[in-house]
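# Structural description and commentary
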4 protein chains.
Amino acid sequence: MSSMSVVGTQRGIEIAARVEQFVREVVIPYESDPRRTSHGPEDALVDELRAKAREVGLLTPHIGADGSHLTQLETAAVLKRSGLSPLGPLALNTAAPDEGNMYLLGKIGTPQQQARFLAPLIAGTARSAFFMTEPSAEGGAGSDPSMLQTTAGRDGDSWVIHGRKAFITGAAGARTGIVMARTGSAEAVKATMFLVELPHPAVRIERILDTIDSSMPGGHAVVCLDGLRVPHDHVLGEVDEGFRYAQVRLSPARLSHCMRWHGAATRANEIATAYACRRKSFGKLLIDHEGVGFMLAENLMDLQQAELMIDWCASILDSGSLGTLESSMTKASVSDALFRVADRCVQVMGGTGVSGDTIVEQVFREIRAFRIYDGPTEVHKWSIAKAIKRQTLAATPGER
Amino acid sequence: MSSMSVVGTQRGIEIAARVEQFVREVVIPYESDPRRTSHGPEDALVDELRAKAREVGLLTPHIGADGSHLTQLETAAVLKRSGLSPLGPLALNTAAPDEGNMYLLGKIGTPQQQARFLAPLIAGTARSAFFMTEPSAEGGAGSDPSMLQTTAGRDGDSWVIHGRKAFITGAAGARTGIVMARTGSAEAVKATMFLVELPHPAVRIERILDTIDSSMPGGHAVVCLDGLRVPHDHVLGEVDEGFRYAQVRLSPARLSHCMRWHGAATRANEIATAYACRRKSFGKLLIDHEGVGFMLAENLMDLQQAELMIDWCASILDSGSLGTLESSMTKASVSDALFRVADRCVQVMGGTGVSGDTIVEQVFREIRAFRIYDGPTEVHKWSIAKAIKRQTLAATPGER
Amino acid sequence: MSSMSVVGTQRGIEIAARVEQFVREVVIPYESDPRRTSHGPEDALVDELRAKAREVGLLTPHIGADGSHLTQLETAAVLKRSGLSPLGPLALNTAAPDEGNMYLLGKIGTPQQQARFLAPLIAGTARSAFFMTEPSAEGGAGSDPSMLQTTAGRDGDSWVIHGRKAFITGAAGARTGIVMARTGSAEAVKATMFLVELPHPAVRIERILDTIDSSMPGGHAVVCLDGLRVPHDHVLGEVDEGFRYAQVRLSPARLSHCMRWHGAATRANEIATAYACRRKSFGKLLIDHEGVGFMLAENLMDLQQAELMIDWCASILDSGSLGTLESSMTKASVSDALFRVADRCVQVMGGTGVSGDTIVEQVFREIRAFRIYDGPTEVHKWSIAKAIKRQTLAATPGER
Amino acid sequence: MSSMSVVGTQRGIEIAARVEQFVREVVIPYESDPRRTSHGPEDALVDELRAKAREVGLLTPHIGADGSHLTQLETAAVLKRSGLSPLGPLALNTAAPDEGNMYLLGKIGTPQQQARFLAPLIAGTARSAFFMTEPSAEGGAGSDPSMLQTTAGRDGDSWVIHGRKAFITGAAGARTGIVMARTGSAEAVKATMFLVELPHPAVRIERILDTIDSSMPGGHAVVCLDGLRVPHDHVLGEVDEGFRYAQVRLSPARLSHCMRWHGAATRANEIATAYACRRKSFGKLLIDHEGVGFMLAENLMDLQQAELMIDWCASILDSGSLGTLESSMTKASVSDALFRVADRCVQVMGGTGVSGDTIVEQVFREIRAFRIYDGPTEVHKWSIAKAIKRQTLAATPGER
């Protein structure tokens, strides 16, 4: 069992422990399975793992069949453990983007929409994609939603969507899409979310990017939406409220990234620590070299701080707050901390660290991407600074 | 009121709020008092401040007259706020080394010893010093207690102590001393603690060091113990158990440093943030420059993480653990984080930041020293690495 | 033309300029060639590029057909430019490990050995490998040559070698090998270098590692030497002098890594800078965000310092010194600086930075490995500290 | 003798060697002189030291009596060595702000102005001050010259100046002032420089700031210019050309800071290294702990890189360039590197490092201020980013 703390109810503790055991005993042996490709594991591998999770009642362990969701604090305990292997979140159905999409559908979807789109996701029989990011090369929305260029126009009982989307994780192979498009006027930039059944002839995958990470089934796609027609009752929530819903999805989805990658970094650190306690150089165990021992000590501190930030932010979300500032603080600090951890693990293990002989090399690559996905650190710092300014000008505390 | 969280009971919350108000309204105006010297505030200033704290019932707010102590988690809430001014811990009697000495006397002292030595400390009418560190130039114990060279020999009903001590905070002006000396044989290095009434002719202050910090009354002294005779009933606890008692004092004392300096860094950050929200350069508010805004965002994250580490370690101590590993992790990470915060505050404020026009410059100097006092970061990383090795070899988890 | 400085003679300046033009105009278009694999470019691609370099007289631009070598300072100017593409050093025959092997053969080989083994390398018609590193898992020499476990025993007119080697770059496909093996007694650890024609049945490639880098043809192999018989006249230099020759090869080889990767990081920075000067977010060019502009400013400073360190170390080698300390200082500081540069380039470019759409993503991976290859940073710091101690104890300067 | 390199002519090498010997043998013993105050050494101490330098022909070693100046590369060799003690630049008359003022007067002053204002400075019998910076609290020019608020108006044959200046180093006790004031119209912000004999009743020193540094005689003053009348022939250079002259002074003055503080950091590192090679902890020499040895190795690399940057920038200035970009790159990277060095020295020495027992503690404080003086790191990064943008948009190199 790991040394990760469990904060929360008995329910969370129990699920987390079972998830950890499942990942360690069942999932990890699949890490050398040849069906893992540079564009993520093949769906057949994912299906095989999910069948095993379903069998022991651990598939989608944080969401009930009725859409009920563990608290964020309980979710943290569970998702961290699911992340102990890059395959874990796929096996257990706690991976992005499905996890965030399930959350959003559970909050905003109508019963009909939930039956049609959410149920298969919870059952782990379908994957989904979230079509928000646009190619920045064309002036579209990179990290900046206000630059949204994809448009949706009303045409009788349906909507017609045109645009291009980039970095759409899992689009290839997805059965459900949530598409974000502009619906307001030129003066008032508004957006609406649409549910789409996939594959669809008007949703054309132009190419799958070659990316440094390789844990997401379907990879990251550039997608052309070419006159995509969506019936009006597939609007998710209200028309023109897309930005608000994006906020609802934002913090929990962001935080769930932190949870999963915390698990991955914890695992990398276990491997590096075991390595340093077994190998010798210059006449003594690696860990007895302060240069190595200090790196492992720094890892332990970084992992502890990251875990505390995750749990803190989870508690704030559980209190009902949107947690926009807090999840920015958590994403920015946790992704940077976990990258330092992964980088030190690689360094401690030397040549073995940059090889595929252990999962450490992949974890390093995944977490490098994590510093950019869901908003680069710099965008979060910018938001945090704006919040600080807002609060300071509101309070105008004395200088001394 | 500050944005610092309060975790703990209603009792802790209430005391913390009153302490914060007292520091902001009563203590901070004294920061420009000329009785602050480079060797710390003069005792007259401290007495004046304590009289005001006593008046409103806030003197020694974390310890009852009977020696009872708030939980560590409650103490964290209170001591962080006492640290919002470098004068705060002195005004409120929450400062080192008295705070740690009171804790130790409360745990180990006999009722007679408590009446004689502890009561005046709790009443804030006396100061104390802890005589452990020795001059490393002479091969004595710097951060390494096993090198203890001061000896105590039994002579009838009393003990006679010889040795030299260095960096003895507050020795000048102290009324009580706790002296650590070797009592074991050459083979078995043991130590005993002795209570000493000060001033005493055999406790000769050789000189007060000029140090970068300046908040401790009495400064830091080099002291010669020249045939100091102590009656046997002034042995604190059991003979030969000094190292064990040092461990008892260690974690709470270390953690209380983190609490107080967290308050100081929080204050520095308030000042720097207010500055950045008011001054302009190159045509816009400082905070609107990302270079500045990012530094303040990093401060907010560092302060948050430091606070979470402090509360986490406090909870572990409250659970009854010695918390040696956890307090090393907390001291090392918190002192480094708070230094980054203080350094950024100085940088944000430019020329004003390196001047005495605000308290930021002093906080920077104090926290620089804090990275060394109570064990330099490197010694803590070394202990943490040893603990990791011990735990890993005990558990021998698989590599993959 | 790049902004990289040229220090050195007119000869060096002219060759460097032609190399830069060749890489930019001829080599870079091949970066999207499908014959690049995760184990390095296929030999057919390398041969095609080399034919083009040979045609314009730029193949092996730093070594004459007679084995004469540019000065290190001139070499720096040339190799930095060859590195502007990961394919550049292969196209121009300035890549590791051939470059270091040519240097060593030019210094130590007999005329007969040079005719047989060196000439085809200079002509760019053969590749070579250097068999020194051993699997640390088996207690062999990782970064620590004194742990060498491969043995060579004299048997009449030949030697018989047994052992295992790991991380042997380019072993697959090499025509020449230089094998390092123990030849001294148990008391006196000595080593000898042997020249081997490859492929050879007793040199069995067990597997090619999957590594984070992908620029080296043949990848990095684990190799079993199973009774490899080498005629005595294929001993390189003198018997038992292998460690000394390793020192001769060491500094120039180490430095040539710095040169090539400096070119790669320079290129990544050009791409990231161009990107930041063209793309907008939140209403302004990326570079107009201080968060981005500062990263590019830091890149410029890091690249400048790295270049100065390389030229400084080159001058020291040109003066006839072995430069062991200086090349450790250069390798450790340059590899860390170039990694910071590559990491910032990725970050500036966001999603594009972690994708294969530009060469930045590969440069990031390559330079991550570079922090470990040829001695991890920590091993170099350890050597530097030992040199500092040696020099300080020899000089014993006063403390004040 | 130090391990610092000497680049340049035989002349530079010889002067540098004599300066180093003088500082080590004559100046350093004065470091414990009680006439050093927190506002800098008293003038009597400076005079005493200068008499000794004059005696051996080393006063103002980089400027001839005729105003001729060593090359910047030679100056680097000399000024680095003068900085080996914080008292060295004062003893040798190589300190700021006189050094920059002499440079400017030598370049721009008329023969009459030079005879009256420059000659006593070169002779070391007078000190000077440069009145440019203004209190940012009042919206004046902090690091941003375009915000200059002090005005000069023509009144017959003289000018009348009103304004407030802040952070005016050495104003107290100066005999010469160079005052920068606005002279252009509201549309065209221009400035003019004026020479002023001091003390002067209209130049009122309001207060001397308490700053973290303490090496500058006269400290840093806030000064009120209250109707200061200056004869027209005391205009330095041409009217309205003040900003251009500020640029002339800028890079050499900035660079000379780097030189002097490089010397100070080198000295701190010598002390820390000697300390680590003599003191033990946990059973071995401090330097044999990798945690300490690595810090000293990092210091050696940082000092080497800083020295190379200084010499590189000096060469660029010697080539006739204004070197605005290069001196920003050098100031930003060198000040940050030297601070890391000083910080590590403090840390290596533990309690001794934060005490005044060695000069390390002062060097740490001085270099902290150096990260702000002459433009904070962030302002330099901002300028560098603007230069990068300008060059990139001019060149528009291809992305790949």
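Residues numbered from 1 in each chain as written. Chains lettered and ligands numbered in written order. Predicted model: local features only at pLDDT ≥ 70, side-chain atom pairs only at ≥ 80, totals over all residues.

### Here's the deal with the interface of chain A and chain B
Quick reminder of the rule: The contact rule is simple: place each C-beta atom from the backbone, and if two of them lie within 7 Å, those residues are in contact. Each helix corresponds to a stretch of at least 4 residues labelled H or I by DSSP, and each strand to a stretch of at least 2 residues labelled E; elements are numbered beginning at the N terminus. Note that Gly is not counted as nonpolar here; it falls among the polar residues with everything else outside the nonpolar set of Ala, Val, Leu, Ile, Met, Phe, Trp, Tyr, Cys and Pro and the charged set of Asp, Glu, Lys and Arg.
If you look at the interface, chain A gives 36 residues, while chain B gives 36 residues. Elements represented by at least two residues in the side of chain A that touches chain B include exactly α7 (242-276), α8 (290-318), α9 (324-348) and α12 (377-395) of chain A. By residue number, the principal contributor to the side of chain A that touches chain B is α8(A), which donates twelve residues. Classifying every residue of the side of chain A that touches chain B by side-chain character gives 23 nonpolar, seven polar and six charged.

### A few points about the nonpolar core
Nonpolar side chains in soluble globular proteins generally cluster together in the buried interior. What counts here: Nonpolar cores are identified as sets of buried Ala, Val, Leu, Ile, Met, Phe, Trp, Tyr and Cys residues joined via C-beta atoms within 7 Å. Comment: burial labels come from other C-beta atoms within 10 Å of the residue's own C-beta, placed from the backbone, where a count of 20 or more is buried, 12 or fewer is exposed, and between is partly exposed.
A:Phe194, B:Phe194, C:Phe194 and D:Phe194 are the most contacted members of the largest nonpolar core, which totals 519 residues. Once residues within four sequence positions are removed from consideration, B:Phe194 is found in contact with B:Ala152, B:Trp159, B:Ile161, B:Val179, B:Ala181, B:Val230, B:His234, B:Val235 and B:Leu236.

### Section: unusual backbone geometry
All names here are of chain A. Of note, the bond from Leu198 into Pro199 is cis; its omega dihedral lies within 30 degrees of zero at -5 degrees. Along the polypeptide, Pro199 turns up in the loop between β7 (191-197) and β8 (203-208). With a phi angle near 65 degrees, Asn93 is a residue other than glycine that sits in the positive phi range. Note on placement: Asn93 falls in the loop between α4 (88-92) and α5 (98-108).

### Section: the pairing of strand β5 (residues 158-169) of chain D
All names here are of chain D. Definition in use: The rule for pairing is simple: two strands pair if DSSP sees at least two bridges between them.
Relative to β5, strand β4 (residues 151-155) runs antiparallel, the two sharing five bridges. Its bridge partner lying in β5, Arg154 is registered against Trp159. Remark: two residues form the turn of the hairpin made by β4 and β5, two consecutive strands paired antiparallel; Gly156 in that turn has positive phi of roughly 65 degrees. Relative to strand β9 (residues 220-231), β5 runs antiparallel, the two being bridged by ten bridges. Along β9, the bridge assignment pairs Ile168 with Ala221.

### With respect to the packing of helix α9 (residues 324-353) of chain B against helix α10 (residues 360-370) of chain B
All names here are of chain B. How we decide: Interaxial angles span 0 to 180 degrees and are taken between N-to-C directions of axes, which are lines fitted to C-alpha atoms, for helices over the stretch in contact. For this classification, under 35 degrees means roughly parallel, over 145 means roughly antiparallel, 65 to 115 means roughly perpendicular, and everything else is oblique. Should the near helix be turned anticlockwise from the far one by less than a right angle, the crossing is termed left-handed; should it be turned clockwise, right-handed.
α10 packs onto α9 with a crossing angle of 150 degrees between their chain directions and a minimal axis gap of 9 Å. Relative to α10, the element α9 lies roughly antiparallel. Our pair here, α9 against α10, has a crossing hand that is left-handed. Contacts between α9 and α10 involve Ser335, Leu338, Phe339, Ala342, Asp343, Cys345, Val346, Met349 and Gly353 on the former and, on the latter, Val360, Glu361, Val363, Phe364, Ile367, Arg368 and Phe370. Per-class residue counts for the contact of α9 with α10 are eleven nonpolar, two polar and three charged.

### Thoughts on the relation of the copies chain A and chain B
Our working rule: A residue counts toward the fit only if its pLDDT is at least 70 in both copies, and the copies are then superposed by least squares on the C-alpha atoms of those residues.
Overlaying chain A on chain B yields an RMSD of 0.0 Å, the required transformation being a rotation through 180 degrees with an accompanying axial translation of 0.0 Å. Given the turn and translation reported, the copies of this chain are related as if by a two-fold rotation axis. With an isologous cut-off of 70% or more, the 100% of interface residues of chain A that recur at the interface of chain B puts this contact in the isologous class.

### Here we look at α7(A)
Residue and element names in this part refer to chain A. Note the following rule: Expected span of a helix: the number of residues minus one, times 1.5 Å. The bend at a residue is defined as the angle formed between two axes, one fitted to the seven residues ending at that residue and one fitted to the seven starting there.
For α7, spanning 35 residues, the distance from its first C-alpha to its last is 50 Å, which sits close to the expected 51 Å at 1.5 Å a residue. At Leu250, α7 shows its largest bend, some 30 degrees, and a proline, Pro252, comes one to four positions later. Counting buried positions over the 35 residues of α7 gives 30, a clear majority of the element.

### Regarding the interface of chain C and chain D
One frequently used descriptor of interface size is the decrease in accessible area upon assembly of the parts. With 36 residues of chain C in contact, the opposing surface of chain D contributes 36 residues. If one sorts the elements of the side of chain C that touches chain D by residue count, helix α8 (residues 290-318) of chain C sits on top with twelve residues. Of the residues assigned to the side of chain C that touches chain D, the class counts are 23 nonpolar, seven polar and six charged.

### Concerning the packing of helix α8 (residues 290-318) of chain B against α8(C)
Helices that pack against each other are described as a pair by the angle of their axes relative to one another and the distance between those axes. For the pair α8(B) and α8(C), interaxial distance at closest approach is 8 Å and the crossing angle is 95 degrees. With respect to α8(C), the element α8(B) is oriented roughly perpendicular. Contacts between α8(B) and α8(C) involve B:Glu290, B:Gly291 and B:Phe294 from the first element and C:Glu290, C:Gly291 and C:Phe294 from the second.

### Some words on the domain arrangement of chain A
All names here are of chain A. To keep it simple, the criterion reads: Boundary definitions for the domains trace back to an automatic or database domain assignment.
Per the domain assignment, the segments of chain A are domain 1 (10-95), domain 2 (128-238) and domain 3 (243-395). With eight residues of domain 1 at the interface, the matching set in domain 2 holds nine residues. Only β2 (40-41) and α2 (43-55) provide two or more residues apiece to the side of domain 1 that touches domain 2. Taken together, the residues that form the side of domain 1 that touches domain 2 break down as four nonpolar, three polar and one charged.

### Re the relation of the copies chain C and chain D
Aligned on chain D, chain C shows an RMSD of 0.0 Å; the corresponding rotation is 180 degrees and the shift along the axis is 0.0 Å. Looking at chain C, 100% of its interface residues are interface residues in chain D too, so the copies touch through the same face.

### Here we look at the environment of B:Leu58
Residues and elements named next belong to chain B. Along the polypeptide, Leu58 turns up in the loop between α2 (43-55) and α3 (72-82). Between the C-alpha atom of Leu58 and that of Ala314, which follows or precedes it by 256 residues, the distance is 22 Å. Excluding anything up to four places from it in sequence, Leu58 contacts Arg18, Val19, Phe22, Ala53 and Leu92.

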